[in-house]
Structure formats: C-alpha cells, structure tokens
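# Tertiary structure, described
Each chain, written out:
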There are 2 protein chains.
Amino acid sequence: MICEIICVGTELLLGEIINTDGAFIAREIAALGFSSYHQTVVGDNPDRLRAAVREGLTRSDIIIMTGGLGPTCDDITKVAVAEVFGRQMYFDEATRDDIESFFNRIGREMTENNLSQAMIPEGATIFYNKWGTAPGIAVSGEIGGKMKYAILLPGPPAECEPMFIECAKPYLESLSSDTIYSLNLHLYGIGESGAEQILRPIMEESVNPTVAPYACEHEVRIRITARSKSLDDAKVMCHEMADRIRAGEVGEYIYSESDTPDDAKNSMVMTMIRELRARGMTFASAESCTAGMISARVGDIPGASDVLLGGIVSYANDVKMKTLGVPEEVLASHGAVSEECASYMAKGARAVIGSDIAVSVTGIAGPGGGTAEKPVGMVCFGIADKSGTYTETKYFRSKSDRSKIRRLTTAHAMMLVIKRLHGEI
Amino acid sequence: MICEIICVGTELLLGEIINTDGAFIAREIAALGFSSYHQTVVGDNPDRLRAAVREGLTRSDIIIMTGGLGPTCDDITKVAVAEVFGRQMYFDEATRDDIESFFNRIGREMTENNLSQAMIPEGATIFYNKWGTAPGIAVSGEIGGKMKYAILLPGPPAECEPMFIECAKPYLESLSSDTIYSLNLHLYGIGESGAEQILRPIMEESVNPTVAPYACEHEVRIRITARSKSLDDAKVMCHEMADRIRAGEVGEYIYSESDTPDDAKNSMVMTMIRELRARGMTFASAESCTAGMISARVGDIPGASDVLLGGIVSYANDVKMKTLGVPEEVLASHGAVSEECASYMAKGARAVIGSDIAVSVTGIAGPGGGTAEKPVGMVCFGIADKSGTYTETKYFRSKSDRSKIRRLTTAHAMMLVIKRLHGEI
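Here we summarise the structure given alongside this text. (Residues numbered from 1 in each chain as written. Chains lettered and ligands numbered in written order. Predicted model: local features only at pLDDT ≥ 70, side-chain atom pairs only at ≥ 80, totals over all residues. Heavy atoms only, no water.)

Two packed helices can be described by the angle between their axes and the distance between those axes. Residues and elements named next belong to chain A. It is at 9 Å that the axes of helix α3 (residues 46–59) and helix α4 (residues 76–85) come closest, and there the two elements cross at 50°. Taken together, the axes of α3 and α4 lie oblique to each other. Handedness of the crossing formed by α3 with α4: right-handed. On α4, the residues that touch P46, L49, R50, V53, R54 and L57 of α3 are I76, T77, A80, V81, E83, V84 and F85. When grouped by side-chain class, the residues that make up the contact of α3 with α4 number nine nonpolar, one polar and three charged. (Axes fitted to C-alpha atoms, helices over the stretch in contact; angles between N-to-C directions. Helix = DSSP H or I, 4+ residues; strand = E, 2+ residues; numbered from the N terminus. Parallel < 35°, antiparallel > 145°, perpendicular 65-115°, else oblique. Left-handed = near helix turned anticlockwise from the far one by under 90°. Contact = heavy atoms within 4.5 Å. Nonpolar A, V, L, I, M, F, W, Y, C, P; charged D, E, K, R; others polar.)

Glancing now at the interface of chain B and chain A. At the interface, 56 residues of chain B touch 56 residues of chain A. Carbon and sulfur atoms make up 57% of the area that chain B and chain A hide from each other, which totals about 4,500 Å². When residues of chain B are sorted by the area they lose upon contact with chain A, L13(B), Q39(B) and Y315(B) head the list and together hold 13% of the total. At the boundary of chain B and chain A, one finds two salt bridges. The partner of R406(B) in a salt bridge is D300(A), and the shortest N-O contact between them spans 2.3 Å. Seen at the junction of chain B and chain A, the total is 26 residue pairs in polar contact (both at pLDDT 80 or more). At seven residues, the largest contribution of residues to the side of chain B that touches chain A is made by strand β14 (residues 308–314) of chain B. Per-class residue counts for the side of chain B that touches chain A are 28 nonpolar, 18 polar and 10 charged. Judged from the five bridges that link them, strand β14 (residues 308–314) of chain A and β14(B) form a sheet pairing that is antiparallel. Directly across from G310(A), in β14(B), lies its bridge partner S314(B). (Buried area = accessible area lost by both parts, 1.4 Å probe. Salt bridge = Lys/Arg side-chain N within 4 Å of Asp/Glu carboxyl O. Polar contact = N/O pair within 3.5 Å; in protein donor to acceptor, adjacent residues only side chain to side chain. Pairing = 2+ DSSP bridges.)

On to the packing of aromatic side chains, then. Evaluation of the coordinates by the stated rule reveals eight aromatic pairs over all chains. When the ring of F102(A) is compared with that of F103(A), the centres are 6.1 Å apart and the planes differ by 85°; the resulting orientation is edge-to-face. Here the two residues F102(A) and F103(A) agree in accessibility, since each one is buried. Judged by centre distance (6.1 Å) and plane angle (75°), the rings of F127(B) and Y171(B) are edge-to-face. Within this pair, whereas F127(B) is found in strand β6 (residues 125–127), its partner Y171(B) is found in helix α6 (residues 157–174), the two being separated by 44 residues in sequence. Accessibility assignment for this pair places F127(B) and Y171(B) in one class, buried. It is R48(A) that lies over the ring of Y37(B); its NZ or CZ is 3.7 Å from the centre. The ring of Y344(B) has K347(B) sitting right over it, with the charged end atom 4.5 Å from the ring centre. (Phe/Tyr/Trp six-rings, centres within 6.5 Å; stacked < 30°, edge-to-face > 60°. Buried < 20%, exposed > 50% of the residue type's maximum accessible area, 1.4 Å probe, protein only. Lys NZ or Arg CZ within 6 Å of the ring centre and 35° of its normal.)

What follows covers the relation of the copies chain B and chain A. The operation relating chain B to chain A is a screw motion whose rotation component is 180°, with 0.4 Å of axial translation and a residual RMSD of 0.6 Å. Here the two chains are linked by the operation of a two-fold rotation axis. (Least-squares fit on C-alpha atoms with pLDDT ≥ 70 in both.)

Before going further, it helps to examine the sheet that holds β6(B). With respect to topology, 12 strands assemble into an open sheet ordered β6(A)-β7(A)-β8(A)-β3(A)-β1(A)-β2(A)-β2(B)-β1(B)-β3(B)-β8(B)-β7(B)-β6(B), the strand pairing being mixed. Strand pairing shows two members of the sheet lacking a second neighbour, β6 (125–127) of chain A together with β6 of chain B, which therefore form its edges. When the angles between neighbouring strand axes are averaged without regard to direction, this sheet yields 15°.

What follows deals with the packing of helix α7 (residues 192–205) of chain B against helix α8 (residues 231–247) of chain B. Residue and element names in this part refer to chain B. Put simply, α7 and α8 touch, their axes get as near as 11 Å, and they point 155° apart. Taken together, the axes of α7 and α8 are roughly antiparallel relative to one another. With respect to the hand of their crossing, α7 and α8 are arranged in right-handed fashion. Residues L199, I202 and E205 of α7 pack against M241, R244 and I245 of α8.

Glancing now at the pairing of strand β2 (residues 38–42) of chain A. Of all five residues in β2(A), five are buried, a share of seventy percent or more. Burial of the side chains of β2(A) extends over both faces: H38(A), T40(A) and V42(A) are buried on one face and Q39(A) and V41(A) on the other. Sheet analysis places strand β1 (residues 3–8) of chain A next to β2(A), joined by four bridges and oriented parallel. Bridged to I5(A) within β2(A) is Q39(A). Note: β2(A) against strand β2 (residues 38–42) of chain B, five bridges, orientation antiparallel. Pairing of H38(A) across the sheet is with V42(B), part of β2(B).

All right, on to the nonpolar core then. In this structure, L276(A), F283(A), V417(A), L276(B), F283(B) and V417(B) are the most contacted members of the largest nonpolar core, which totals 87 residues. Core analysis: the second largest hydrophobic core is formed by 32 residues, L309(A), A358(A), L309(B) and V330(B) among them. (Core = buried A, V, L, I, M, F, W, Y, C linked by side-chain atoms within 4.5 Å.)

Residues and elements named next belong to chain B. Taking burial as the measure, the nine residues of strand β9 (residues 179–187) include eight buried ones, the bulk of the element. Pairing of β9 with strand β11 (residues 220–228), which is carried by nine bridges, proceeds in the antiparallel orientation. Residue L185 lies in a different strand from β11, and its bridge partner there is I222. With four bridges joining them, β9 and strand β12 (residues 254–258) adopt antiparallel strand pairing. Along β12, the bridge assignment pairs H186 with S256.

Below, the structure is given as structure tokens:
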C-alpha cells in the first residue's frame, strides 16, 4: 500500500517551524513497510486543503495528515476530509467529555472554541488525545472504487508523535495481516558510503528482512526490517540478519542495537549510561570547547542521576588551573588544547567531582582560534579512571561549523568512555 | 508573486533527514514578500519529479527546488526542469572548471560522475557552488503565456543555505523592483496568543510594513517587514513601526531586536552576552537539572570566551556540597530544589569559578521525582553578583516533557541574568 503525508499549517509554509512531524511519520511508515512517494505541506485554506486531500487520495491508498485540528482552525482539516469521503460532521459527546477531562487534569478551563474539536466526520475512528485537546481520527471508505484511508493527527510534535505510536500505528498495522519488526544496529567509526559498499550484496539480495544503512549525525545506523505473520518470527528474522551482519566486515564498528525510535535517537548516550550502570560506576566530565554539552546530553536521559554526578565547564584557562588543577606549566608549554592538558582535566574532574570515571575535552571549535599547528577542528580528549589516564587527539573535518564540531566532540567523548569500559583503550 | 518549494530526495520521504531546507527557504521567501501556499517533497523518480515541476509551475510563479543535484542523481532534477521549460542540456566548461577547482581546494580528486554536474539547461543562470560540487541554477521562460522561474539548489543544508543567501536571494530580489527589510522584536514573558490579541488592530491595519507575531520555543517574535524602493526607506518604516509597538502594551515584554536570521535564532543568549560584554563582566553557571545546557548554549556563540569562564554541573547533592559549598543543613532542611539551595549554588559558582555574575538552576525535570509539594516542572533559580543574591521559583507547565522543561529553564536563567544586569531584579 502507498501512503503519503500531508502537513497542514501556515507556520510550516512560512518556515516558522521545521517539519519534524513529516520526518517522524515518514520514518515510521517506512518501517511499517508502506511505500511513500510524496509529502505535501499546505496552509489552512479550505480550497487548497480539499485539493491536497483529493490529490493525495488519488495517488496513494492512505494519507496521514498532521495539523489544522487546533481550536482556532475552524476544523477545516476534518471538514475537508469529510467532504472528500462524502461524510457529514456530528458533535461527539464522548469526545467533548474527553476534552473536558483533559482541561480538568491540567487545571484550566475549557473555552468555547475547544468544543469545535468534538465535531467528527460520521463513521470515523476517534483517537482520544492524552497529550492535548484535539482528538485524532481515521476515516476510511471507497473513493473511485478503491478503499482509501485518511488518518488525522494534531500538529504539535509532543502530541503527534505519541498519538502516532499509540493510535495510528496499530490502525495502520491492522490494515495488513503482517507484523513488522525493525532492529537498528548502531555503528561508529565508519561512514555511510563505506558501510553501504560493504553491505551492498546483503542489501540487494535481502527482500525480507530488508537491510538499509542510514547516516545519522555522528554514526551510521543499519535498519533491518522484517515482515511476518507473527511478531516473534519477525524478531527472529531480524536477529538472524543482525548476527550475519555482525559476523561480516562492518561488525567491528557496531557498538549497540535498538528496536525503539527513542532508544535509536539516544543510542550513544544510552549505551554509555547502560555500560556505566552495569558496572555500578559514576561519571563526570571536564569540558572546554563543548562547554557542558556532554553532561547536558547525559542529563537528557531520565534517571541519569545514578551515573551522572556532575562536571566542570572549564572554558577559561584559570578554571582549568584553579578548579581542575591543570598545572600552569602544562598550559604554558603545551597549551590548553593538548593531550597533556586533557589528561589533567580528566584527572581533575574525577578528583573534584569524586566519580569513578571522568572524560575531558579541550579543542578548537572555531570559527576563529585555529593555527597551522592547531587547526580548527582539533580536539584533545582525556579519560581518567582507577587504572590511570588515556588521551587522544581527533581532527574533525567540518572546519566551518562550530556547532557540528562540538556535537561530534560530544559523541566521540561518549564513545571513548564506552571503549574504556570495554577495555579497548 | 507566488513561490513554492519542492524538495527532492528519497531520504526525506523515508524520514532519514528532517527537511530543514524547506523551513529555511520558506522563512526567507516570506521575508522577501513572496506568498507561498505549497511545499512538496518528492523522490528522485523522473516521472514524479517532472509532474511535481509541472504542477508547481502551474500554481506558482516561481519554484525553488533543493536536492537531486548530487553526482549520483543522474541530473534528474535539472533534466526535469529543462524538459518542462523546453530546453536542451549542454556541457558547461566553466562549471566543469569550477567543480575541478573545488576538488583541488579540498585536496581530493574529481571523479567521473562529478562531470555530470556540469550539464546545464540552455539559457540557465549558473550559481557556482563555493561549499560543494553541485552548482545551483535558475531557469526562466514563458510557460502557458506567463513568465515562470525555477531555482535549483543543492540539498545539503551547509550548501543550500549559503547558496540561497548569496545567489538565489539576489536573483529573487531582482525579480521585484522593491527592497524588503525585516526587523524582529523579541518578547519574553507573554504568549503568542496574548501578543496577537494586543497587536491585532496594528496587524490588521498594517499593509506595509506588515506585522506578524510568531511563537518560538521560549519566546514570541514579532516580525515587521517593509517593502520599499530603497533599503533605507524600508529600514525607517520598520523602525517607526517598532517604536509604535514598543510604546504599546507589549512594549514591556520586548527584550531585544534583530534583523538577521542568525541573530534572531540566538537572540536570548546573544542579548545576555552583549549585556555582559558591555559591562566587562564574566559569567559562570551552577547547573543541576539542566546539567550543562546553560553554559553549552553560551559556548555555542563564537567568541563567547570573553564572558564565559566556566561552570559547575552539580547533578548530585555531593557535588552541590563539596564543589559549590551548599551547606548540608540547607539540603537536609530545604532540599536540593529550593531557593536556599539555588542561592548557595550561585554564590558557590561565582566564588569557585571567579566570575562577576553566576546563575544557578535546580529543579525537577521529570518524568519522575515530582511530589505534590515539589511537582515536575518546578525549578529554583539563583543569581549571585557583587550586590548579593536573587532567587525565584518557576513552575513550568510542560509536565510531560523533560527536554522542554530543561530548555525553558535554560532560557529563563539567561533572561534572569539580563534582568539582573538591567537592574530589574
């Protein structure tokens, strides 16, 4: 079945917000095994919206729409879909009650215009919204002699994403008798084209499960997707393929696997936390060029407090000396961006914070501050634990992008902690 | 004139990458005064691509396309556009030389498939690409008796964004005899709907300049856009409108203004840095629930080192006591999430790091850890400077979203520093 995404919102057309819903849903429907050839963004103009719905339902079997369900939207998305499917709108009491109870829960009063959100096309499946007020709906029916489906979800990602997972995904799965299961392998230290070249024979011969590498910011992810009558079978198929890939040439780059989008997004930091937790170890950081990004990234993960004790942001050399105890001579003779300094920083953070392991970074994120000897993108790393210290220097190539150098530095620092825990460095 | 965006790429349809090009260009064309009613994402299938180009040029005057220009794309985007405009493709020697010199500059060898990037539709304007290999192009001509324009840019944001600014923007400006100037007013402490309600009369009566409020993550931005024959006139028109808005009811919420996208994106942190710099003051942070996000955000800005000395990430209570000197009795009697603790944290960071001012945050980001008395979303803030300390408590409502609570906390901490420097708290 072919599925396409239509995102509704003037704020998307004006570029005020980035269309993360589109990417999220695209990823999910690809993992469910649907083909997708178009995505559209359209404003909340009734004529253009109706045209987009008609066109989408002409070229695809399923349209998934986000946005245009808010209390000030005059319901135009729902009305447009109802019109194309030839349905009347009715006021749904159960939906009204659900919206009212949401307002009670957050302790605010329901306004009159929220009631319009309880207007529903006849025969629609209603997805109650635990994260906001606008319910999602699914409408199905014959158009031009073929069964067509429209799924409508609210626009805010904090509502759209959980509602997709909890409501739309089971609905979509019910349209097929097969179950889909996806497993991600996370690779570090190899590029997408490198991984693709090695995997090409497997990718080409594999129909079920399918194998596809994706480039993420600082890593490559291989997604294995199997389709079967039973979830257990699909899992077995994925894991057999994973074993085969692990045994091959890319195996040495695989540091983790995941089978949920949230785990996949956080695979590096969650792997580090998991490995620390398994050893009952605590963590600290000493950060110069990243200025707190490493510890902040660890703090992103709920429950990180059992491993994250804290960290020292030592942007200025004075802080490196006074708080972390980097000797003045080291700064004078080797400079702040040196493995010597990184080593003292890691040892200092471990001692000051009192953690079992500490990682340090000091580098030149640019755009200024680079020299021939120490170019922009040069970063020194240090690890300190009970066995001693480890240091290394990386030269990140993204010379023009301060922000990217800092994000790559953050990922590499976490990778070094993982390797140290594995006894690899 | 009506302008629409067509983004080409299977990786967009599969959700592997988020369509930031679409949002960036949408914002830019809105600021240039073009109307935009559609955005489309289409894969690199020649038939569907040609259909998308035809459809776009039917309903809009200008299409801006990104992606599908890479060496492995077989030129299908350029070929599709050439076909719709009825042009032949030719091999452009100057473009070949430009691609070759790019490879020389980065010290890599040009491969055979890069030569296909020098194929250009006849009569096209060529935008040489300083940031990569694929040139951009603009094609114009009559279709169905009307002048139509197609602008093609490479897909990677690091190429697309600068090429839009340096090449496509002047080209688009040349299509109109007017100059456009936009000024952003940045507001904190008022919601979008509140600002809109107050501004509604001005918004409705204003045609040139136009006035529109936008909700950003933690603030509201009012964009004033003027169109005139001269840039100076447009600037004057915007500033007159800004003065009028400042004099009105929303005036008290305005903390800054900006007239470039980059400044707008970083307005809060750049305002804080500017205010610190103007006073020759240095900055430090003591962070619990944000775990380094505040200092990392300051470190995002190139040249932040003249104000940012460093910070202490004190996630564990032990670090709050040992490194920041929060008395054990304070933690025992008031808890870590208390204004008392925040006060000691700020004083501690100021003393340990040796900065002129320090800000502290300690709160409950969730999802766990909340109680009836101290719910998830409760954050205590502290400021320490030479005049003493200031503390306050905020209750952020985004109860379900740990990440959002931490981002709002980061913004509020910076806002408190700005207010403290202004003598408002």
